[in-house]
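# Structural description and commentary
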Amino acid sequence: MLPLKQSEEALKDKRRLRWACRRGMLELDVLFEPFVDQAYDELSEEQKAVFRRLITCDDPDLFAWFMGHKKCEDEELAEMIRFMLLRVKV
């Protein structure tokens, strides 16, 4: 079990992350929010860093990448997008 201080910090980080996943587009909300709830805790620290980088991207780019309208040139981000699409069934 995590020490209380560490688990409290993890909860605060997760709340911040959930807030950052609230996008301006419903299509992105239905991908990001369930992913954080269902799969984020299982990611490695490196994958978590990639995910945090992904959510800093602009909504139009995210939408185009997730919908397959445009290829994400960053291979780490592209791999996270593929992983998310496999994990979150919409």
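It should be noted that the structure appears before, not after, this text.
Anyway, here's the lowdown on the structure attached to this text. Not measured: the values here are computed from a predicted model.

About the cut-offs
- Residues numbered from 1 in each chain as written.
- Predicted model: local features only at pLDDT ≥ 70, side-chain atom pairs only at ≥ 80, totals over all residues.
- Heavy atoms only, no water.
- Helix = DSSP H or I, 4+ residues; strand = E, 2+ residues; numbered from the N terminus.
- Buried < 20%, exposed > 50% of the residue type's maximum accessible area, 1.4 Å probe, protein only.
- Phe/Tyr/Trp six-rings, centres within 6.5 Å; stacked < 30°, edge-to-face > 60°.
- Lys NZ or Arg CZ within 6 Å of the ring centre and 35° of its normal.
- Axes fitted to C-alpha atoms, helices over the stretch in contact; angles between N-to-C directions.
- Parallel < 35°, antiparallel > 145°, perpendicular 65-115°, else oblique.
- Contact = heavy atoms within 4.5 Å.
- Polar contact = N/O pair within 3.5 Å; in protein donor to acceptor, adjacent residues only side chain to side chain.

## A look at the environment of Glu8
Structurally, the position occupied by Glu8 is in helix H1 (residues 4-20). By relative accessible area, which is 42% here, Glu8 ends up partly exposed. Measuring from C-alpha to C-alpha, the distance between Glu8 and Met84 comes to 26 Å, with 76 residues separating the pair along the chain.

## Details of the packing of aromatic side chains
Evaluation of the coordinates by the stated rule reveals five aromatic pairs. Summarising the aromatic geometry, the rings of Phe35 and Phe83 are spaced 6.0 Å apart at their centres and angled 90° between planes, so their arrangement reads as edge-to-face. Placement of the pair is Phe35 in helix H2 (residues 26-38) and Phe83 in helix H5 (residues 75-87), with a sequence separation of 48 residues. When the centroid spacing of 5.7 Å and the interplanar angle of 55° are considered together, the rings of Tyr40 and Phe51 count as tilted. Remark: Phe51 occurs in helix H3 (residues 45-54) and Tyr40 occurs in the loop between H2 and H3; sequence separation between them is eleven residues. Note on accessibility: Tyr40 and Phe51 belong to one class, buried. Members of the aromatic cluster, connected to one another through ring pairs, are Phe32, Phe35, Tyr40, Phe51, Phe66 and Phe83. Over the ring of Phe32 we find Arg23, and its NZ or CZ is 5.7 Å from the ring centre.

## Considerations on the packing of H2 against helix H4 (residues 59-66)
Here H2 crosses H4 at 75°, and the two axes come no closer than 10 Å. Put simply, H2 runs roughly perpendicular to H4. Here Glu27, Leu28, Leu31 and Phe32 of H2 lie close against H4, whose contacting residues are Asp59, Leu62, Phe63 and Phe66.

## What to know about the environment of Arg87
Along the chain, Arg87 turns up in helix H5. Residue Arg87 is classed as partly exposed on the basis of its relative accessible area of 30%. Through-space distance from the C-alpha of Arg87 to that of Leu31 is 9.3 Å; in sequence the pair is 56 residues apart. Among residues more than four places away in sequence, those in contact with Arg87 are Phe35, Gln38, Ala39 and Glu42. Within the structure, the side chain of Arg87 is placed 2.9 Å from the side chain of Glu42, a separation counted as a polar contact.

No statement about biological role is implied by the geometric values presented.
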